[in-house]
Amino acid sequence: MEDEKTAEGGQGDSPPDKKEPEPSDKVEPPLQETEQDKKDVPKEEEKTEEVKSSGEKKPDSDAPKEKAGEEKVEDPKSSEEKKPESEPPTEKSGDEKTEEAKPSGEQKPESESSKEKTGEGKTEEPGSEPPVEKAGEGKTEQAKSSEEKEPGSEPPAEKAEEPQGGTNETEKKETEGENKVEQEPAKEADSKSEDTTKKPEEGQEKPAEGSKVEEEGKQTEAKTDQENSEGEKAEETTEGDKNQNATEGGEEEGDEEGNKAAKAEEEKKKIPDDFFYNFEDMISQPHITQDSGLPQDYLNLVHSFGYDCTKRHNLHLLDERTVCFAAGNYVLLLDLQTKEQKYLRSTSGGGIGAITVDPSKKYFAVAEKGVSPNINVFEYPSLKLHRILRGGTERSYSYVDFNPKGDLLASVGGDPDYMLTIWDWKEEQTVLRSKAFSQEVFRVTFSTELEGQLTTAGTGHIRFWKMADTFTGLKLQGELGKFGKTEISDIEGYVELPDGKVLSGTENGNMLLWEGGLIKVEIGRKGKKLCHQGSIQQILLDEGELMTIGSDGYIRVWDFESVDTADVADESGLFEMEPMNELRVGHDVHLKSILKSTDAENEITVWYAQDASGGIWKLDLTFSHTSQAPDKLFTYHAGAITGCDVSPLTQLVATTGVDHTIRVFDFLQKKQLCEKRFADAGTALIWAPQIVDAKAKTIIAGFSDGVIRVMTVAQAGEDQAPKKLKQDIDLDLKQVFKPHNKAVTSIAVNDKGEILATGGADNTIFFLNIGETYEPIGFIETPSAVKQIQWSPSSFKKSTLLVFCEDGLVLEIDSPDGATFDTSKTFHITGLPMRSFKFKSIKSRLRHEEELERKRKEELERKKREEEERRKRIERGLETESEQGDVEEEKKTPEPEWKPYIPSEPSPILTGFYSEEGQFWLSMGEFDAGYLYECKFVSEEERNTLPEELRDEPLQSVPVTESNDVPITFMHYSGDGRKMLIGMEDGSIRIQNLEKEFKLDELSSHWQLNLHDNNYGRIVKLAVSPDERMLLSAGSDGNLFLYDIMEQEKVDQKVAEAKAKLPSAKKSGEQVTVDDIDDPNAYSIEDAKQKAEHDKMMKIADEKKKDVRRQIAKLRRQFKSILEQNEGLPVHLQLRKEEFELDKDIKLELEKQKTDRIDIVRKELAWEAEKQRIALEKLRKRYKDVVECERIVVKAFKTPHEVASFRAAKLSDDFYHMKADFERRKTMTMMKDDITRDPTRDLLGGKTLHSDDQTGTGGKHGDQGGAKVTTTLKGSMGERINKALHKVEEKKQKRAARRAQWEELYNTKPDDDYEDPADVSAIKEAKDNMGDYKLKTAKDYVVPDHLRMNVEKARGRLLILKDLIHEHKYNFNLRLLKIRDKKLSVIEEIRELVAELENVQSQLTRNKHKTIPPIPRMHPDEMPEKKLEYTRDTLLAFKKEMEMKQKEAKGGGGGFGGFGGFGGNAGDTAKDKGGSPTPKPSTIMSESKGGEDEEMVEFDTSPLEVEMKEALEIKLIYEQDRLLERIQELLLNFDAELRLLRHDKFKLDIVMKNADLRQVTLFEEFVLLKEYEKREDVMEAKVSGKQQEKLDMQAKIIELQGKQDMKKKEIEKLQEKEKQLYAQFQASLGDNNKFADYLTKVFKKKIKRAKKKVTDGEGSDEDSDEDSDDESDWDEDDEESEEEGGYDLDICPPGCDQNIYDNTCQLREKKLDIEEALQEEKKNNDGLKKDIESNNKKLKVVDSALKAAQNDLEAFQLEKQQKLNELDVVVTLKLHQIQYMINGILPQDLSQTLVFESHGVTRLQHRIKELEHEKHMQKKHMKESRRKHVQLIKDRKVFDSKISEMEERTNEMMIAKFGRIVDLEKLETITVNRQIEELKEKLRLTEIQCAEELEEWDEKIAEKKAKITALIRDNTDRLDQLCILLNEKKSFEGELDSRQKSSGQEYTGARKADLRERQRLIQLVQLQAQEIDALKEEIMLLSRKGGHILPPAQPPLPQSPPNMRTISN
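All values derive from a computational prediction rather than experimental measurement.

Our next topic: the overall build of the chain. Counting its secondary structure elements, the chain contains 40 helices and 62 strands. For the chain, the proportion of its 2009 residues judged to be buried stands at 40%. Taking the contacts inside the chain whose residues are at least 6 apart along the sequence as the reference set, 63% of them involve residues at least 24 apart.

A separate point is the sheet that holds strand 22 (residues 518–524). Pairing is mixed in the open sheet, where five strands are placed in the order 19-20-21-22-26. The open sheet has two edge strands, strand 19 (494–496) and strand 26 (574–576), and neither has a second partner. Across the sheet, the axes of successive neighbouring strands diverge by a mean angle of 25°, strand direction being ignored. By the bridge criterion, five bridges tie strand 21 (residues 511–515) to strand 22 in an arrangement that is antiparallel. For Leu512, the partnering residue across the bridge sits in strand 22 and is Glu522.

A large share of strand 30 (residues 615–619) lies buried, amounting to four of its five residues. Relative to strand 30, strand 29 (residues 604–611) is paired through five bridges, and the arrangement is antiparallel. For Tyr608, the partnering residue across the bridge sits in strand 30 and is Lys618. Of the strand pairs in this sheet, strand 30 and strand 31 (residues 631–635) are connected by four bridges, and their pairing is antiparallel. Across the sheet, Lys618 pairs through a bridge with Asp631, a residue of strand 31.

Below, the discussion takes up the nonpolar core. One finds Val1194, Leu1376, Ile1379, Ile1390 and Leu1538 to be the most contacted residues of the largest nonpolar core, which totals 48 residues. Of the residues forming this core, the biggest block, 16 residues, is contributed by helix 31 (residues 1503–1571). Within the second largest apolar cluster, 22 residues are counted, among which are Cys324, Ala326, Leu344 and Val366.

When strand 3 (residues 316–319) meets strand 4 (residues 322–327), the two strands line up antiparallel, connected through three bridges. The residue of strand 4 that forms the bridge with His316 is Cys324. Taking the residues that link successive antiparallel strands as the turn, the strand 3-strand 4 hairpin has two residues.

So, about the side chain of Ser844. Summarising the element assignment, Ser844 is placed in helix 17 (residues 843–876). What makes Ser844 buried here is its relative accessible area of 12%. Leave out the neighbours within four places in its chain, and Ser844 touches Trp898, Pro900, Tyr901 and Phe927.

Turning to unusual backbone geometry, a few remarks are in order. In this structure, Pro381 follows Tyr380 across a cis peptide bond, with omega equal to 10°. In this structure, Pro416 follows Asp415 across a cis peptide bond, with omega equal to 10°. Examined against the element boundaries, Pro416 turns out to sit in the loop between strand 12 (409–413) and strand 13 (419–424). Despite not being glycine, Glu543 shows a phi value in the positive range, around 50°. Residue placement: Glu543 occurs in the loop between strand 23 (536–542) and strand 24 (545–550). Of the residues examined, Glu543 reaches a relative accessible area of 67% and is grouped as exposed.

Another aspect to go through is the confidence of the model for the chain. On average, residues of the chain carry a pLDDT of 76, and 74% of them reach 70 or more. Within the chain, the element-level pLDDT minimum falls on helix 7 (residues 131–138), averaging 37, and the maximum on strand 12, averaging 95. Here residues 1235–1267 scores under 50 on pLDDT; set against residues more than four positions off or in separate chains, the count is 18 contacts. Of the regions scoring below 50 in pLDDT, residues 1993–2009 engages in ten contacts with residues more than four places distant in sequence or in other chains.

Attention now goes to the sheet that holds strand 34 (residues 661–666). Read across the sheet, four strands follow the order 32-33-34-35 without closing on themselves; strand pairing throughout is antiparallel. What marks the edges here is a single partner per strand, and that holds for strand 32 (641–646) and strand 35 (671–677). Strand-to-strand twist across the sheet, computed as the mean angle between neighbouring axes with direction ignored, equals 20°. Examined bridge by bridge, strand 33 (residues 652–657) and strand 34 share five bridges and lie antiparallel to one another.

Criteria and cut-off values
- Residues numbered from 1 in each chain as written.
- Predicted model: local features only at pLDDT ≥ 70, side-chain atom pairs only at ≥ 80, totals over all residues.
- Heavy atoms only, no water.
- Helix = DSSP H or I, 4+ residues; strand = E, 2+ residues; numbered from the N terminus.
- Buried < 20%, exposed > 50% of the residue type's maximum accessible area, 1.4 Å probe, protein only.
- Contact = heavy atoms within 4.5 Å.
- Pairing = 2+ DSSP bridges.
- Axes fitted to C-alpha atoms, helices over the stretch in contact; angles between N-to-C directions.
- Core = buried A, V, L, I, M, F, W, Y, C linked by side-chain atoms within 4.5 Å.
- pLDDT = per-residue confidence, 0-100.

Structure representation (structure tokens):
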């Protein structure tokens, strides 16, 4: 166990490498108590130095002093029982006396190890510390917490007088032996508040454990040095405990009073401010074995070229020019101006966790990593170690922070405990501690404004802490921030605001404002843009400005007031704002943090930024036009360094890393020369050897995209780009090629410098010829990804390439040099000779052999002891010599069969190299780490000759001693081959001495030191300078360290000096070890004798039993073998089972006896079984049936997370009945409230509705009036009229608007004494409530109606709360059951996938198999319902398990079992057979044979079959990978879902706890309200009655007021009718009627009439009175005028139109009817007024009675409220919420405090300022109003004068235009009469329409006429012909007659032709006369407007001549 010892404390034979500083390493500060103590301090230091020197020179002298010291040692744990609060006082215990001797072990030589093994000469390491504190180092957290109250307590100063040689064995036991105790940080950390008297009791259990360790130590004396060392520690621990317990028992009674007095004395002790530790003694030193021959300072750190810039907050400012940061195991102090570096090495050797600087810049704290790491506080600038804080965490610190005062320090630990600790660091005491969270915590900070408040944030959480002073003491209370609807996010940066709110960042880039543990608002940029693209790393509040630092490289400044008061009204919860300023530091910059520095001389503020992309920036954040641009001061690798190599010629080193850069450094000048960035990350790099480039200027680098770049280093030219001015050299690309598709993992050049080989992650090796350019040769494929390649040395016969693959495969490939390959189609090379070796794990066998060797040595030792014991017993006569043989036989026990463990997933190869031809060394990772394996390539023939189990096994293995199985990642021989440089995965460098040059025979003597980070600082490369005087180490933590290697001459000198100091070895016979009797229950001599006799008799009996059992077992084996032989025979030859039975009757009889016995037992147990069944049923009903859900714990697959359900009970039937009854009553109460609602609300609603109706009506009218007035006219005339109408309408609207404005203005004009009701109510409200907060405890407090509590409400609240609690638990349990069901389905799916995977793998060769993951199983806690489910098999198994436990308890349990027949033995045999590893090799052999057969078959198969087989194999491999990925996906998805449910459970737990507390409070209220229920019911009934009476009265009044309003409306209607009647009368008179006065008198005359019943009578108002008075005046005038005029008013006077007179009389009758109706309405209105007045009086009486009843009820409510106030209510408060201070200190008694809402206090405080401001503003407003009033009066006068002037001017313009003053409205009406124009247009359109119709009819008539004409014409033609013929006939006849009668008469009279012509002319004249008349009419019409032209009159039809008429007839 020396490995563990080295890792923990660095103990070895040389000064220890202190990963965990042992308590003995801690030099505890002296105590500042008295002046005498101060004087004793130097003496103590002097004696400490003496002891140290004596320890170095004469360690032998320590032994007797140690014994002397042990006699006086007092057990610190026992002393804790008496004094749990303080340390031992003035008594000089062994611990105190030996503390000064601890430095003697600082330079402990290796030769002491043999002495320490026997418990002699044991010395302790330097340090001085109280024993109790030291004991706490190895204890559990709970034991520690009892001692942390006074970690700085010290033994008194008298200890300086103690002897120097004493050694504290107890302290060693506390720190070493008890470190094995399993720690429980999460539980123990919370036990701080427990009773401290319990904690020392826990410590008492340790000695018993130590005694067990002692026994183990006695049995393992012959172990290896590592195990001996551990056993020695445990043995010494036990001895110390014994002595302490013995001393304790003797002094306990006598020291009780002294201890009490010492407590008060210890409390006054303080650590002096000027005390400092000797830091040189505390620094972790290299671990050096005795025979290594190397000094401590073999390597000295010279310079650091790296910076772990990805580490959180790894940049801190010590002063204006100095920053510090963590670099591996060092704290690096960097001068920004001179670039000088200083280093502080860690004291633990485990690395640096976190750093912080005190606000005063005087101190800085370094929190380390390791086992129980410390926090070291250094003074600056002296860099002295001032304080050491111990026991704050288990493994590492993740963050530390000072409070603003600098007197407290907060630290938070990392995995696994995540412990938050508050330190009083100056006294090295723990103030408070608590588990911060269950996941990683990134930060912890104190609030800058609110003392005692802290904040922590980390993975998916933020937590708000308070240091609360409770009755049990100071507590640390944390409230977890609830994300609510916001997505859960990791929180990196946050800031505490002055008012207690916290502003935090998120992963997505927005900010969250937290208040009271909840998100008040999420803040983003406008347009839903994010504040930053990426996570917010830091938030600062600097001088009132909020600054956010994002990983996107931006620094943004936000308005603090806007952020502090941010709020949202909608449900989105997002508040949007823009930053005031922003700065982008640079391209591809990822900021982690910034620091502020002020230059005192120049008064300039400078900021320094940590860039995760590898740099430190100097920033100017003044945001002005003179601001300087960001300046990058330093540049480093960002992230891991993946490749490093030193120039073979000069002092240059080149590196590459994941940050896509290649950098070149000059390690002698300690500076970076150049940097070049590429598109992808670098993965491999070599500096070309001189055989390739004689000037050594070529660098070959490989990248993650498979590209190889060849570059040359050259001096920077003068014409380079400006941005390269800072670089001293350039990297010029010489050639670029891409040989791989994936990352390049290794590059190598052969010894001749002719071939370059590159290995890639794409399973290929590529070869290139080296020349002026690199020409490809070709590539070969490898079975897996290449890890490393190496060319064989030049000393080998042939050139080969050694290839290490990741899955344990090693290949040796012959060089392609000289061979020719066909690369015309592909570069794939085939036919290159190749040998392979598949590593087979032998570590389990090696460890088994070591274990066997250890057991063999133990057995030898045991036999020696037993032989000595037996000899003594024989001498005493207790035993005879003849019994010796029996004893020997008894001791022989069969060894359990051992099976080697072979990891399912092959361990990866980390590095390797050639040892000789065909042989090589391997360093493996994971399981096979801890050894170096030498392996050999063998031919197939040689391999077949080897046994199956020896194939593929290494030739030899060399254990890496004291490495704790940490893998080796790099190995390199020194130039002379006598040393090997080894780089480890934990960041340590190991210098291994070799016995033979370049031979690794053993790895024991070494020098080892941790340099890089122990967690992620894996050594990538160790490079030695060409002169071998410098060593460079590159690590995955981004650090590149330069060391100075000590010259060999100095090494020899140091070794000689060290050997000169070695003391001489002790003689073996100087001291005889005597075994002490430790056990109080040990046998006396007689008891031992009796026990021996009894044991002898029992042994004889056991031997007889064993003989019988052996015979039975032998018979069973024989019978079994016979059965097996029978089964092996052919079926027809086998014997049946029945044939093996000798007698069937015997078996039947046995069966019958068994059945009878079973029946008897059942009958005997029937009553008991029924009794137990009934009891079980009762228990089930009482406890099981009422449980709704058991406690179900669902566990994750791959993480320790688990979620438990709520063990919830079912709600009873009574609960549901009560709830239903409550809901019913609640519904009835709501209905009752609706029915008995105050009708004044309806009244108010009615008024509002009425006003709305009026407004709507008015609006409608307004809309009508304001609507666009148009006409139906079309064309130009319509447009003209529309324009004119539009102008008129606009003027009307303007005038109407002006009138409305004037009316509104005059209506709103208040009276001189008018007061606004709103102002009056506001003033009243302000007087009553403003600035006042009603306290429930006040005497005048009035309980509001909605806050009044009664029994019904209280019961309802309890029911609702209980239902909600049940509902939340039920819903969560459903979710848990759902996820459990999902887990079952996942397991089932995985089972199916595994089966499918096995099927796939059965078709694949074994080397292609991947590990099949185990099928998960359900934990019993996940299926609790199955606990009560049992079967017979489960009961039998349980019975067997209990019997086995009883046998084990009795110490029996032989290996032969009972007489259970063949079945039991057969089962055992089968089990043994199943457990035997024999079938496994056979399976492997069969598979390998199958593989060989397949290979043989491959030679005979066709290419097509080979191709098909390869395709199938590819498909199967793909299917295998898919199935494995699917299994992993199922597991990870389930775990993620479970973690989400787990977070919900945490939140729900808080809600449930608050709900339980609330339920208690509500129940207490319910009980109290029950007492007041009766009185309250009586008083409420009285108030309700009065309220109902008041409501009835108000309803009646409202009804009367409604009737009165209706009467007013009727009166208004009658008055309107009367006015219309009078207007009608005036219109009937006409203009200039000479009887107008007479008719007016007739109209106004009142006559007596019979009364009529008016059915629709309506009331009148005051206006009717005035009208009646006016009418009476008119009547009197009429009577007088009647008398004067002499006309009778009842008779129409002569000359007057009788119709007008009759009309006047009718109108008079109507007027009289209206007057009578008005009088009737007036009477009704008066009656309604009287009724309203009387009801108002009654209402006042009822109101006063109601007020009295309400006052009584309020007094009762106040009394009840006072009783409720006496109930205790649990209120959770934070420290900053308690503002009650006495003399600035929080008092213990808070009974006088008032719990008040914080926002209420803030509102009241703000209200004071608001009122002052408002008062000032009102005064200012009043002055302004007065001034404005005066100005308005002046303006009014001016406007009045202007109006009068404008009126005069208007009148003048009217007179000038119209000749007189006219009414413009009437003028506009006359100008354009829209109705007339529209009628005219309508007439015109009608005429057009009629003309069109006439035209149509004319056409029809013409058509008919044409037809008629045609017929007539035809008929006429015929008639003409007839007529002509007749005429001719007649003429002929006449002529004949005339001729016959007379002759010559035809010439007398007028001619016929003349007559016809005359008739035609007459008709023409008549027609022209008609046309003239028509034209005249048209001229008249045209001369007038609006005239219409009628069609011309039709001319008269021509008169037919008489003869024609006659003919037609």
